[in-house]
Amino acid sequence: MKPTIVIVGRPNVGKSMLFNRLTKTRDALVADMPGLTRDRHYGHGRGASKPYLCVDTGGFEPKVTDGILHEMAKQTLQAIAEADAVIFVVDGRQGLTPQDKIIGERLRRDAQGRGIPMAIAVNKAEGMNEEVVCAEFHELGLGEPVAISAAHGEGTRQLIEDVLEHFPDAEENLDPDTPRVAIVGRPNVGKSTLVNRLLGEERVIAFDEPGTTRDSIYIPLTFHDKNYTLIDTAGIRRKGKVFEAVEKFSVIKTLQAIEDAHVVVLLLDARQEVSDQDAHIAGFVLESGRAVVVGINKWDNLDDYTRERTKSDFDRKLHFLDFARMHTVSAKDGMGLAPLFKSIDEAFAAAMSKLSTPKLTRALMAATAAHQPPMNGLHRPKLRYAHQGGHNPPIVVIHGSGLDGLADSYVRYLENTFRDAFKLKGTPLRVELKKSHNPYANRKPQVLTASQENQRRRGRIRMKRKFA
């Protein structure tokens, strides 16, 4: 399971800038004013040796007892409670402040007391002597301070690598041959009821009230003589509807369960319209690269008009899941579960499939012959060969020249071509582009000696006389 790294600190020290740097996004607002970030932001950490989840928090004011600053402090404390590691950001140009000391004492009690790894990031240290700028922050007693510049990216890679060295690789101690199936969706769509129906017992609490499940529960299952690990997750609702602290804790557990799964069953309620929140959950699953099977629950006792409207609503609002199988089920009555698991097996096989380099290259050549890549200025990108770069999801690495100018629409065309050629149903597929190395790119022009210049000049004269 991916570790969760939480970024904390007092207002305006550069937490959101560091979050954007680590996730390689612009999801968190950044401006030269304190208090801009109020709620938590979740994102995928990118560019490190191990995958991880990153959480940005608002400015931490632990002494404030009311108002918006108090609510922000509660959010930060909840983030620390669900953290696997904490990065404490301080301002290297302002130095150690009394508020930093208060936050340090709180972290030492709440985080270090539970054995959570800590790191002190001394931000805004560009152009400054690292030893000098870090010296006074040793007083916090939270480990070795690391000088960084979130704005320029200096020291951020070393910072996150130091934090991640405390965690094993994501796939360590997991059985790759047993499919892990996470059941996700909005609250009260029937996730726990589906789990109980599959197990044949009341293994998890199923109640007609949103938010009954509070944690992600891993349950071994044998279905039609095949072994699976089911992951029953808490429902994810919109931020504005999440009030209880324990339910906020459930959201990150659900996101981690999605990361830990091979196949995700996105469960929808046939008696409600496909909402924006359903699309957000589907988008997170897609960004995670997990195979997807869609189950439309509560299909029993619906009239033909409602069924047709539900299918049309799904095709319109979740069109980006066109690669996924859709099944109508009834978790209460057990209807449609066998076809659902047949699609789960198919999606798992597609996500873990091995694609041979010769077949990938032949499919690439056939795709470029049928539809050449569009011109990029005066030149056309050249796609030379392809090979597999990973699985879950399958990654196809394409080598060639001029690939910087390859249009996104053409990359999607290649993704669909590979998916059709290898019959990969139920899993997203990613295409990575790698430019060929030019050995003469940085070669300096040769400087001729005087005799070589004379010889070159005489050669030009002979050529002119020959063709005069």
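So, here is what we can say about the structure in this document.

Calculation rules
Residues numbered from 1 in each chain as written. Predicted model: local features only at pLDDT ≥ 70, side-chain atom pairs only at ≥ 80, totals over all residues. Heavy atoms only, no water. Helix = DSSP H or I, 4+ residues; strand = E, 2+ residues; numbered from the N terminus. Buried < 20%, exposed > 50% of the residue type's maximum accessible area, 1.4 Å probe, protein only. Areas by Shrake-Rupley, 256 points an atom, 1.4 Å probe, with all protein chains shown as cover. Polar contact = N/O pair within 3.5 Å; in protein donor to acceptor, adjacent residues only side chain to side chain. Contact = heavy atoms within 4.5 Å. Axes fitted to C-alpha atoms, helices over the stretch in contact; angles between N-to-C directions. Parallel < 35°, antiparallel > 145°, perpendicular 65-115°, else oblique. Left-handed = near helix turned anticlockwise from the far one by under 90°. Nonpolar A, V, L, I, M, F, W, Y, C, P; charged D, E, K, R; others polar. Core = buried A, V, L, I, M, F, W, Y, C linked by side-chain atoms within 4.5 Å. Pairing = 2+ DSSP bridges. Expected span 1.5 Å × (residues − 1). Arc of directions from axis to C-beta. Phe/Tyr/Trp six-rings, centres within 6.5 Å; stacked < 30°, edge-to-face > 60°. Salt bridge = Lys/Arg side-chain N within 4 Å of Asp/Glu carboxyl O.

Quick look at the overall build of the protein
Okay, so step 1: Check the secondary structure of the protein and you find 13 helices and 15 strands.
Okay, so step 2: A total of 468 residues make up the protein; the buried ones form 48% of that total.
Okay, so step 3: Surface exposure of the protein reaches about 24,200 Å², of which carbon and sulfur atoms provide 50%.

Quick notes on the side chain of Ser353
Okay, so step 1: Within the secondary structure layout, Ser353 lies in the loop between α10 (337-351) and α11 (357-370).
Okay, so step 2: From its side chain, Ser353 meets the backbone oxygen of Ala350 in a polar contact 2.8 Å long.
Okay, so step 3: The residues touching Ser353, leaving out its near neighbours within four places in the chain, are Gln388, His391, Pro394 and Leu424.

Here's the deal with the packing of α11 against helix α12 (residues 408-421)
Okay, so step 1: It is at 10 Å that the axes of α11 and α12 come closest, and there the two elements cross at 130°. Put simply, α11 runs oblique to α12. Seen along the crossing, α11 lies across α12 with a hand that is right-handed. Residue-level inspection shows Leu360, Ala363, Leu364, Ala367, Thr368 and Ala370 of α11 in contact with α12, the latter providing Tyr410, Tyr413, Leu414, Thr417, Phe418 and Ala421.
Okay, so step 2: The residue inventory of the contact of α11 with α12, partitioned by class, reads ten nonpolar, two polar and no charged.

Some remarks on the environment of Ala121
Okay, so step 1: Here Ala121 lies in strand β5 (residues 118-123).
Okay, so step 2: Taking the C-alpha atoms as reference points, Ala121 and Glu144, 23 residues apart in sequence, are found 9.2 Å from one another.
Okay, so step 3: Residues contacting Ala121, with those up to four places away along its chain left out, are Ile87, Phe88, Val89, Val90, Val146, Ile148 and Leu159.

Focus on the nonpolar core
Okay, so step 1: Val184, Leu266, Leu268, Val292, Val294 and Leu321 are the most contacted members of the largest nonpolar core, which has 28 residues in total.
Okay, so step 2: With residues near it in sequence (within four places) discarded, Val294 still touches Leu266, Leu268, Phe314, Leu321, Ala324, Arg325, Met326 and His327.
Okay, so step 3: By size, the runner-up hydrophobic cluster in this structure holds 26 residues, among which are Phe60, Ile103, Ala111 and Met118.

With respect to the sheet that holds strand β15 (residues 430-435)
Okay, so step 1: With respect to topology, three strands assemble into an open sheet ordered β13-β14-β15, the strand pairing being mixed. Edge positions in the sheet fall to β13 (382-390) and β15, since each has one partner strand and no second. If you compare each strand with its neighbour and ignore which way they point, the axes differ by 25° on average.
Okay, so step 2: Relative to strand β14 (residues 395-401), β13 runs antiparallel, the two being bridged by seven bridges. Residue pairing in the sheet places Ala386 in a bridge with Ile398 of β14.
Okay, so step 3: Across the face of the sheet, α11 comes into contact with β13 and β14 while running at roughly 140° to β13.

Points about the side chain of Thr156
Okay, so step 1: Counting through the fold element by element, Thr156 comes out in helix α5 (residues 156-164).
Okay, so step 2: A relative accessible area of 7% places Thr156 in the buried class.
Okay, so step 3: Setting aside anything within four residues of it in sequence, one finds Thr156 in contact with Leu18, Arg21, Leu22, Ile148, Ser149 and Ala150.

Some thoughts on the packing of helix α1 (residues 15-23) against α5
Okay, so step 1: Where α1 meets α5, the axes come as close as 11 Å, and the angle between the chain directions of the two elements is 80°. The angle between the axes of α1 and α5 places the two elements in the roughly perpendicular class. Contact with α1, carried on its side by Leu18, Arg21 and Leu22, involves Thr156, Leu159 and Ile160 of α5 and no other residues of that element.
Okay, so step 2: For the contact of α1 with α5, the residue count by class is four nonpolar, one polar and one charged.

Describing the sheet that holds strand β4 (residues 85-91)
Okay, so step 1: Here six strands make up an open sheet; going across it, the order is β2-β3-β1-β4-β5-β6 and the pairing mixed. Only two strands of the sheet have a single partner each, and these edge strands are β2 (41-45) and β6 (145-147). On average, each strand axis in the sheet is tilted by 25° relative to the strand beside it, whichever way the strands run.
Okay, so step 2: In this structure, β5 lies alongside β6, joined through three bridges in parallel fashion. In the strand pairing of β6, Val122 is matched with Ala147.
Okay, so step 3: Set on the sheet, helix α3 (residues 98-110) makes contact with β1 (4-8), β4 and β5; between it and β4 the angle comes to about 170°.
Okay, so step 4: In the packing of α5 onto the sheet, the strands contacted are β1, β3 (52-56), β4, β5 and β6, and the crossing angle to β4 comes to about 150°.

A look at α3
In an α-helix, one full turn covers 3.6 residues, which means residues spaced three or four apart are oriented alike.
Okay, so step 1: Along its 13 residues, α3 runs 19 Å from first to last C-alpha, staying within 8% of the 18 Å computed at 1.5 Å per residue.
Okay, so step 2: What α3 keeps buried is the set Asp100, Ile103, Gly104 and Leu107. Along α3, the residues classed as buried sweep out an arc of 105° about the axis, all on the same side. For α3, exposure combined with an orientation more than 90 degrees from the buried face picks out Pro98 and Arg109.

Description of the packing of aromatic side chains
Each aromatic ring pair is summarised here by two numbers: the centre-to-centre distance and the angle between the ring planes.
Okay, so step 1: Scanning all chains against the criterion turns up three aromatic pairs.
Okay, so step 2: Seen from their ring centres, Tyr410 and Tyr413 are 5.2 Å apart, and the 50° between their planes marks the pair as tilted. With Tyr410 and Tyr413 both in helix α12 and three residues apart, this pair spans about one turn of that helix.
Okay, so step 3: An aromatic cluster of three or more residues is present, and its members are Phe223, Tyr228 and Phe341.

Quick look at the pattern of salt bridges
Side chains carrying opposite charge are able to pair once their charged atoms draw close together.
Okay, so step 1: On inspection of all chains with the given rule, the structure shows 17 salt bridges.
Okay, so step 2: With a shortest N-O distance of 2.9 Å, Asp313 and Arg316 are connected by a salt bridge. With Asp313 and Arg316 both in helix α9 (residues 304-317) and three residues apart, this pair spans about one turn of that helix.
Okay, so step 3: Lys435 is the salt-bridge partner of Asp404, the closest N and O atoms lying 3.2 Å from each other. One end of the pair, Asp404, is in the loop between β14 and α12; the other, Lys435, is in strand β15, and 31 residues separate them in sequence.
Okay, so step 4: Counted as one network, the salt bridges with shared partners bring together Glu273, Asp313, Arg316 and Lys317.

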